[in-house]
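Listed below, chain by chain, are the residues.
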Amino acid sequence: MLQGKTAIITGGSRGIGRAIALTFAEHGANVAVLYAGNATAADEVVCAIKAKGVSAMAIQCDVADFAACKDAVKAVTETLGPVDILVNNAGITKDKLVLAMSEDDFDRVVDVNLKGAFNMIKHCYSGFMKRRQGRIINITSISGLMGNPGQANYSSAKAGMIGLTKSVARELAGRNICCNAIAPGFIETEMTASLGENPLLNNIPLKRMGTADEVASLALFLASDTAGYITGEVIRVDGGLAM
């Protein structure tokens, strides 16, 4: 389905990003895993990807750093070839009520989760335009659709990703490039492991948390040629929580 294509996945060493990386590799894509700090986890994913018979590389990159993103895209292009698929998955949380949230708490989450997506799109943009093809998939959140107490920074950044998705989709549609967003709900990852008895879990119509593989399956579809007439969409993977 993705044979010979090159994909960049930010935040690709764990959780949803890892699942997407492995799923893309299973379907023939060469994958660049961008990670913030856990080199061991990134190397493990790269080894697992290579075991599937495709090429892979890991690059440490703070996606909030504009120049670092430029260098990362350049390195991927030189090693794996022109970028066909960009998945903006990197994200952090610094949850607090607004009363207790510092300026740095707000700025850092927005810089990584929203500006990081802009940085990566910016540096892949001209390559997509020249080749008149490409897929951009932004991993947002139902927090960006619903809001969530204690997540003013995270919800703002994820809502911003939705606006970014729609704007970029309109800009690039004429060049056969699709840009969509996936909005996961409660997914079983390290990030959600600390939620404990969150009362929102009782409101999920499907009565369970989702899996990273379920998100990855949707990402695979959106990255494929079969999704060539879908752009500017925000698709929820949330068990019906935000319906």
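Predicted, not measured: the structure shown is a model, and the values here were computed from it.

A. Structural view of the overall build of the chain. If you tally the helices and strands in the chain, you get seven helices and seven strands. Walking the chain from its N terminus toward its C terminus, one meets helices and strands in the order β-α-β-α-β-α-β-α-β-α-α-β-α-β. A compact globule built from 243 residues would reach a C-alpha radius of gyration of about 18 Å, and the chain, at 17 Å, matches this within 12%. The C-alpha extent of the chain, read off along each of the three principal axes, is 45 × 40 × 35 Å. For the chain, the proportion of its 243 residues judged to be buried stands at 50%. Summarising the internal contacts of the chain: among those between residues at least 6 apart in sequence, 74% fall at separations of at least 24. Of the accessible surface of the chain, which amounts to about 11,000 Å², a share of 53% is contributed by carbon and sulfur atoms. In the chain, the 23 positive side-chain charges and the 23 negative ones have mean positions that sit 7 Å from each other.

B. A look at a negative patch on the surface. A surface patch of negative charge is lined by Glu103, Asp104, Asp107 and Asp111. Structurally, Asp107 is set in helix 4 (residues 103-131).

C. The arrangement of the packing of helix 3 (residues 66-80) against helix 4 in detail. Contact geometry of helix 3 with helix 4 gives a least axis separation of 9 Å together with a crossing angle of 45°. Taken together, helix 3 and helix 4 sit at an angle that is classed as oblique. The two elements helix 3 and helix 4 meet at a crossing, and its hand is right-handed. Contacts between helix 3 and helix 4 involve Phe66, Cys69, Lys70 and Val73 from the first element and Lys115, Phe118, Asn119, Met120, Lys122, His123 and Cys124 from the second. Among the residues making up the contact of helix 3 with helix 4, the classes are represented as six nonpolar, two polar and three charged.

D. Highlighting the side chain of Asp105. For Asp105, the location among the structural elements is in helix 4. The residues touching Asp105, leaving out its near neighbours within four places in the chain, are Lys94, Lys96, Ala100 and Asn153.

E. Just unusual backbone geometry, in detail. Phi angles above zero are rare outside glycine, and Asn176 is one such case at about 65°. With respect to the helices, strands and loops of the structure, Asn176 is situated in the loop between helix 6 (152-172) and strand 6 (177-184). Using a relative accessible area of 49% as the deciding quantity, one classes Asn176 as partly exposed. Unusually for a residue other than glycine, Lys207 sits at a positive phi of about 60°. Within the secondary structure, Lys207 is located in the loop between strand 6 and helix 7 (212-223). Judged by its relative accessible area of 63%, Lys207 is exposed.

Conventions we followed
Residues numbered from 1 in each chain as written. Predicted model: local features only at pLDDT ≥ 70, side-chain atom pairs only at ≥ 80, totals over all residues. Heavy atoms only, no water. Helix = DSSP H or I, 4+ residues; strand = E, 2+ residues; numbered from the N terminus. Rg over C-alpha atoms; globule rule 2.2 N^0.38 Å. Buried < 20%, exposed > 50% of the residue type's maximum accessible area, 1.4 Å probe, protein only. Contact = heavy atoms within 4.5 Å. Areas by Shrake-Rupley, 256 points an atom, 1.4 Å probe, with all protein chains shown as cover. Lys, Arg positive; Asp, Glu negative; His and termini not counted. Charge placed at Lys NZ, Arg CZ, Asp CG, Glu CD. Patch = residues over 30% accessible without salt bridge, like charges linked within 9 Å, V, L, I, M, F, W, Y side chains within 5 Å. Salt bridge = Lys/Arg side-chain N within 4 Å of Asp/Glu carboxyl O. Axes fitted to C-alpha atoms, helices over the stretch in contact; angles between N-to-C directions. Parallel < 35°, antiparallel > 145°, perpendicular 65-115°, else oblique. Left-handed = near helix turned anticlockwise from the far one by under 90°. Nonpolar A, V, L, I, M, F, W, Y, C, P; charged D, E, K, R; others polar.

Read these as layout, nothing more, since geometry by itself doesn't imply function.
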